[in-house]
Amino acid sequence: MYLKQFVFSTILIFFVTVVAYSDEVGTSDLTSADYQKAERFLSWNMTGKVYGGSVSPNWIDDNRFWYRNRFEKGYEFMYVDPGAGTRRRAFDHGRLASSLSGETDKTYESYNLPFSSFEYFDNRSSIKFVINGNEWRCNIENYTCTGPYDRPAQVPNSVTSPDGNLAAYIKENNLWVRNLESEDDIQLTTDGEEYYGYATDSQGWSRSERPILLWSPDSRKIATYQLDERGVEKMPLIEMKEGRPVLHYWPYALPGDTVVPVHERVVIHVDEPRVVRLAVDFDHQRTSNCCGLTREGNWGDVEWSEDSERLAFVSTSRDYKEVKLRVADPNTGAVRTVYEEQANTFFESNLTSRGIPNWRVFHDQNEFIWFTRRDGWGHLYLHDLDDGLMKNRITSGPWNVVDILHIDKGNRWIYFTAVGKEDGRDPYFEHLYRVRFDGSGLTMLSAEDAHHAITVSPSGTYFVDSYSTFNKPPVSVVRRQDGRVAAMLEEADISALEEIDWTPPIPFSTKGRDGISDVYGVIYRPSDFNPAKKYPIINSIYPGPQVGSVGSRSFSVTGRGQATALAELGFIVVQIDATGTPLRSKSFHTDWYGDMGDNGLEDQIAAMRHLAALYSWIDLNRVGIYGHSGGGFATTGAMLRFPDFFHVGVSSAGNHDNRGYTYYWGEKYQGLLERKPDGADTYENQANHLLAGNLKGKLLITYGTMDSNVHPNMTLLLINELIKHNKDFDVMVYPNRGHGYFNEPYNIRITWDYFVRHLLGKAPPAGHKVSR
C-alpha cells in the first residue's frame, strides 16, 4: 500500500507541476541579457577570474611539496622546499610540453598541460602522470617522455594499506584484500551475509561500496565492524524508466525505530587471516561529532597505537548524550573503558562538519587528550590513561578549539586551530595556535586578521597557511612551528574579477532575537547597486545545526548558494549564522535542541529588521527566502511560521518532518522520539506539514524523485497538507535526481524566475537557458 501511494503521489505532483508553471504568463520585464549578466557570477563561470591565492599542497616527503597554480597564462606546477625557503617551477613547462607533443602527435601548450597531478620518481629526476587513462613518464633532467604505459591494476572501492601493498575491498558481504604486487586475492572473513556484512558502508542516508575501516600502521591488521542491519525497515524509491519503473529499497532507520543498525567491532589479522571480536557490546552507528562514519577516508573515532598493539575508540550512545573512550587489545579482544562523559543535549568532539574528533591517545606516555564543552566552550584536557582522571586543563576561556592539527609528543606541543579567541575579530575566523600539554605557552601563530585555512606537513614542522576574508583575496605562505614565514607562496590577483564589476559582500554583526546574543552574517548587493533605490531582500538560509548559512569565512566570489548571482538580478541577499549553529558557545549551538522547527528563524528576522533600520535601501515589504536540504526545511518553516514576514520562498529537498529523515540526525538534535500520554510525540513541534494551513505567500517546492538522503516522502506529506488546506503553491519535480540538484542550471533558472516574478514584480525572460 505504501508503494502504491508513493507512486500515485509522484504522478499527481508531476501534474500539479505542469499546471503551476504553464499558468504563469506576462510581458518580459527582465531580459536574457539581465540573466546573462547574473550568470557571470555562477561558480562554473568564475574559472579564470581569480589568479593564484589559495594553495593545496601535495606532499613529496615529510616537508617538501608541489602545488598547481593558476596564473594569467594558464596553470603552472610549483615546487617548494620550506627548509631551504625556496619556491620554483617544478619543471620546465615549455620543454615538457614540447617533448610530450612530439611523442603524442598532439600540440600541448606550456601552461595548459594535459594533466593536473603528477608523481615524482627516480629520486625526483622524473615524473609520471595520466593522460586519457594511460600513464606517461617524463625525465625532467633531459626532458624525454615515454608512454603510454598500462596503469597498475586498480581495485575499485578499496582502502589501501599504509605500506601500499594491500587493498581491502568488499565482496559478497565479506572483506577481502588484494596483494597489489602479485594480484592475489585473499578472503579475510567468511560469515558475512546480506544485511550482516563486514565493513559495510550503509548509513541509510549515505551508502557506498567502499569499506569503512582503519588499517594498523604496520599494515597487518584492520579495525572494522560487522554491520547488523537485519530487521531494519527499508526505504523505497522508484527510478523513472520507459515502460516499468524500477523499485529500489535499502535499510534506512528512522527516529523511534526499535530495530536500528549496530556495529559489532572486530580486528582482522591479515596475515593469518583471523577475526578477533572485541569484548564489548554492540555500538550504535555513531561518531562523536557530525557527520557520518568516515573522516578523510578512514573510519572515524578509531585510533591505532604507533606500534599497532593497541586500538583506542570512542563509543557514542544512540542519543549522542554519552560517550566512552575505550582501549582494546587487538590480539585477545579484551576491552577496557578508560573514560566516560555525559552531556545534557548532545556531545561533540569537534565543532566542524566531518572534522576529525579531537581526542588523541598516547599509549607510550600513558596519557590522552580529550575535547569537551563541559564548561560551555570547546577545550582540550589532559587525562591519565590508567584511571581516566584529569591531570590538567590545556586550554580555557570563552572561545573554541576547532581542529588538532599536529602533536609534537617529544616537546609536548599541541598545534591547533581555534575561533573566537582574538578580541575585535570575526569570531568565526580560524587562527593557528600552539600550546604545551600543561597549558603553558599558548601562542597565536597566524597574526593576520583573517580566516586561516591551514594544512600541516607530514612531519608537523611546517604549515601551509592560505588566509583571506570575505572581501580580501587569499594570500598563501609556509609557516614554521613558531609562526614565522618560511616561504611566500601566492597572492591572489582579482583584476579580472574587478573588470566584470564584482561587488564584494559586506560582513556585519547584529543582535539576535534576545537582543543580547551577537549574530554574524554577510550582505550581497548587485554590481549596479544604487543606495537611493529600494531592494527586495532575500535570505539564503542553512540553519545547521552542523554548519550555518554563511559557511567558511574564506574569500568567495560566488557566495554560498550562488548568492552573488542572485543579487545581480536586483536583490539584496543576506546569509546569517543564527543560534543553533556551531563555533560559538555551547548554549548558542544547542539553543533550540528539541525543537528543530525553530531553525533560528527569529534570529534571522531580528537581524533583517536591524539591517533594514540601518540601510534605507532594504525593503521589508518584499522579503524572500530560499535554501536546500536543511535550508529547504527552514525555508518552508519560515513561510509557515512567520507568514506575515516572509512573502516568497523557494524550498528544495527539505527534510520537512524529521520523523522521516535518518534517525542519527533527529535523535541527535531533536532527541529520542517519545510518545506522550495524549498520543502525540516529541517530534510534532518540528513538522512543517502540520503548519500547512498558515501559508499566505508564494512558495515553490522542489524535490528529486531519487533522493536517497532526504526522502521525497517528507515533501509529499507537506504537499498533501497544502492541498487539504486549499493553498496556492508551486511544485517542481526532478525525475531521477538525487539530493544534489540544487546547482542544476534549470533549478537556478526557476529559482531566479520565482523571485523575479513575485518579489520584483516583473516577468522573467521566457525560456531563458542558464548556460553551463
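In this text the structure is predicted, and so the values were computed from the model without any measurement.

Analysis parameters
- Residues numbered from 1 in each chain as written.
- Predicted model: local features only at pLDDT ≥ 70, side-chain atom pairs only at ≥ 80, totals over all residues.
- Heavy atoms only, no water.
- pLDDT = per-residue confidence, 0-100.
- Contact = heavy atoms within 4.5 Å.
- Buried < 20%, exposed > 50% of the residue type's maximum accessible area, 1.4 Å probe, protein only.
- Helix = DSSP H or I, 4+ residues; strand = E, 2+ residues; numbered from the N terminus.
- Pairing = 2+ DSSP bridges.
- Right-handed = clockwise from strand over helix to strand, strands pointing away.
- Axes fitted to C-alpha atoms, helices over the stretch in contact; angles between N-to-C directions.
- Core = buried A, V, L, I, M, F, W, Y, C linked by side-chain atoms within 4.5 Å.
- Expected span 1.5 Å × (residues − 1).
- Disulfide = S-S within 2.5 Å.
- 1 Å grid on protein atoms, 1.4 Å probe; cavity = no way out; pocket = protein on both sides within 12 Å on 5 of 7 lines; lining within 4 Å.
- Points joined across faces, edges and corners; volume = space filled by probe spheres on them.
- Nonpolar A, V, L, I, M, F, W, Y, C, P; charged D, E, K, R; others polar.
- Parallel < 35°, antiparallel > 145°, perpendicular 65-115°, else oblique.
- Left-handed = near helix turned anticlockwise from the far one by under 90°.
- Polar contact = N/O pair within 3.5 Å; in protein donor to acceptor, adjacent residues only side chain to side chain.
- Salt bridge = Lys/Arg side-chain N within 4 Å of Asp/Glu carboxyl O.
- Phe/Tyr/Trp six-rings, centres within 6.5 Å; stacked < 30°, edge-to-face > 60°.

Draft legend 1. Seen up close, the confidence of the model for the chain. For the chain, the mean per-residue pLDDT works out to 94, and 96% of the residues sit at or above 70. Confidence over residues 1–27 falls short of pLDDT 50; this stretch has 38 contacts with residues more than four positions distant or in other chains.

Draft legend 2. Main features of the pairing of strand E43 (residues 535–540). Counting buried residues in E43 gives six out of six residues, a clear majority hidden from the surface. As judged from the six bridges shared by E43 and strand E45 (residues 618–628), these two strands associate in the parallel manner. Following the sheet pairing, Ile538 is matched in E45 by Gly624. Taken together, the three bridges between E43 and strand E44 (residues 572–577) define a ladder with parallel strand orientation. Looking at E44, one finds that Ile538 is bridged to Val573. Read as a crossover between parallel neighbours, the route from E43 over helix H5 (residues 563–568) to E44 is right-handed.

Draft legend 3. A look at the sheet that holds strand E48 (residues 730–734). What the eight strands build is an open sheet, ordered E41-E42-E44-E43-E45-E46-E47-E48; its pairing is mixed. Since the sheet does not close on itself, it has two edges, and those belong to strand E41 (506–511) and E48, each with one partner. For this sheet, the mean angle separating the axes of adjacent strands, direction not counted, is 20°. The pairing of E41 with strand E42 (residues 518–524) spans six bridges and is antiparallel. Counterpart to Ser509 in the pairing with E42 is Tyr520. Against the sheet, helix H8 (residues 630–641) touches E45, strand E46 (648–652) and strand E47 (698–704), its axis set at about 145° to E45.

Draft legend 4. Spatial organisation of the nonpolar core. Residues Ile369, Ile414, Phe571 and Trp752 are the most contacted members of the largest nonpolar core, which totals 104 residues. If near-sequence neighbours (up to four positions away) are discounted, Trp752 is found in contact with Tyr35, Ala38, Glu39, Leu42, Ala565, Leu566, Leu569 and Val770. Formed by 21 residues, the second largest nonpolar core is a distinct cluster that contains Trp66, Ala90, Ile127 and Cys138.

Draft legend 5. Local environment of H8. For H8, built from twelve residues, the straight-helix expectation of 16 Å at 1.5 Å per residue is met to within 8% by its first-to-last C-alpha distance of 16 Å. For H8, the buried fraction is high: eleven of the twelve residues fall into the buried class. For H8, every residue scored as buried is listed here: Gly630, Gly631, Gly632, Phe633, Ala634, Thr635, Thr636, Gly637, Ala638, Met639 and Leu640. If you follow the buried residues of H8, they end up packed against helix H7 (601–614), E45, E46, E47 and helix H10 (712–724).

Draft legend 6. Spatial organisation of the state of the cysteines. Going through the model one piece at a time under the given rule, you end up with two disulfides. Between the sulfur atoms of Cys138 and its disulfide partner Cys145 the distance amounts to 2.0 Å. Torsion about the S-S bond of the Cys138 and Cys145 cystine: about 115°, corresponding to right-handed handedness. This pair shows no difference in class: Cys138 is buried, exactly as Cys145 is. Here Cys290 is linked by a disulfide to Cys291, with a sulfur-sulfur distance of 1.5 Å. Because the torsion about its S-S bond is 65°, the bridge between Cys290 and Cys291 counts as right-handed.

Draft legend 7. Spatial organisation of H10. In this model H10 runs 18 Å from its N-terminal to its C-terminal C-alpha over 13 residues, within 8% of the 18 Å that 1.5 Å per residue would give. All of the buried residues along H10 are Pro712, Met714, Thr715, Leu716, Leu718, Ile719, Glu721 and Leu722. Asn726 sits one or two positions beyond H10 and adopts a positive phi of about 60°.

Draft legend 8. Quick peek at empty space enclosed by the protein. This structure, assessed with the given rule, holds eight cavities of 30 Å³ or more. Roughly 100 Å³ of volume is contained in the largest cavity. The calculated volume of the second largest cavity comes to roughly 90 Å³. The wall of the second largest cavity is formed by Gly561, Gln562, Leu566, Tyr626, Phe742, Asn743, Asn747, Ile748, Thr751 and Trp752. Sorting elements by how many residues they give to the lining of the second largest cavity places helix H11 (residues 745–760) first, with four residues. Of the residues contributing to the lining of the second largest cavity, the split by class is five nonpolar, five polar and no charged.

Draft legend 9. Structural detail: the sheet that holds strand E6 (residues 126–131). If you walk across this open sheet you meet the four strands as E5-E6-E7-E8, and the pairing is antiparallel. Only two strands of the sheet have a single partner each, and these edge strands are strand E5 (119–121) and strand E8 (145–149). Neighbour to neighbour, the strand axes of the sheet diverge by 25° on average, direction disregarded. The strands touched by helix H3 (residues 93–104) are E6, strand E7 (134–139) and E8; relative to E7, the strand with the most contacts, the crossing angle is about 130°.

Draft legend 10. Local environment of the packing of helix H2 (residues 32–39) against H11. Taken N-terminus to C-terminus, the directions of H2 and H11 make an angle of 120°; their axes are 12 Å apart at the nearest point. Regarding the angle of H2 to H11, the classification is oblique. The hand of the H2/H11 crossing is right-handed. When H2 is examined against H11, the residues Tyr35, Ala38 and Glu39 are found in contact with a partner set consisting of Arg749, Trp752, Asp753 and Val756.

Draft legend 11. Region of the structure containing the side chain of Thr469. Here Thr469 shows up in the loop between strand E38 (463–468) and strand E39 (475–479). In this structure the side chain of Thr469 is engaged in a polar contact, spanning 3.1 Å, whose partner is the side chain of Asn471. There is a polar contact of 2.9 Å between the side chain of Thr469 and the backbone nitrogen of Lys472. Sequence-distant contacts of Thr469, that is, excluding residues within four places in its chain, are made with Phe429, Asp449, Ala450, Arg553, Ser554 and Phe555.

Draft legend 12. Local environment of the pattern of salt bridges. Enumeration according to the criterion identifies 43 salt bridges in this entry. Between Glu272 and Arg274 there is a salt bridge, and its shortest N-O distance comes to 3.0 Å. Accessibility expressed as a relative area gives 52% for Glu272, which makes it exposed. Here Arg274 falls in the partly exposed class, since its relative accessible area comes to 31%. Residues Glu306 and Lys409 are paired through a salt bridge, measuring 3.2 Å at the closest nitrogen-oxygen approach.

Draft legend 13. Summary view of the packing of aromatic side chains. Scanning all chains against the criterion turns up 42 aromatic pairs. Summarising the aromatic geometry, the rings of Trp66 and Phe118 are spaced 4.4 Å apart at their centres and angled 20° between planes, so their arrangement reads as stacked. With Trp66 in strand E2 (residues 65–71) and Phe118 in the loop between H3 and E5, the pair connects residues that are 52 residues apart, well separated along the chain. Overall, Phe118 belongs to the buried group, its relative accessible area being 4%.

Draft legend 14. Geometry of unusual backbone geometry. The omega torsion of the bond from Gly147 to Pro148 falls at 0°, within 30 degrees of zero and hence cis. Its place among the elements puts Pro148 in strand E8. Between Gly544 and the following residue, Pro545, the backbone shows a cis peptide bond with an omega angle of 10°. Its place among the elements puts Pro545 in the loop between E43 and H5. Its identity as a non-glycine residue notwithstanding, Asp122 has a phi of 55°, on the positive side. Take Asp122: it is sitting in the loop between E5 and E6. A residue is classified by how much of its surface remains accessible, and Asp122, at 53% relative accessible area, is exposed. Within the chain, Ser308 stands out as a residue other than glycine whose phi angle is a positive 65°. Here Ser308 is to be found in the loop between strand E25 (302–304) and strand E26 (311–316). Assessed through its relative accessible area of 1%, Ser308 is described here as buried.

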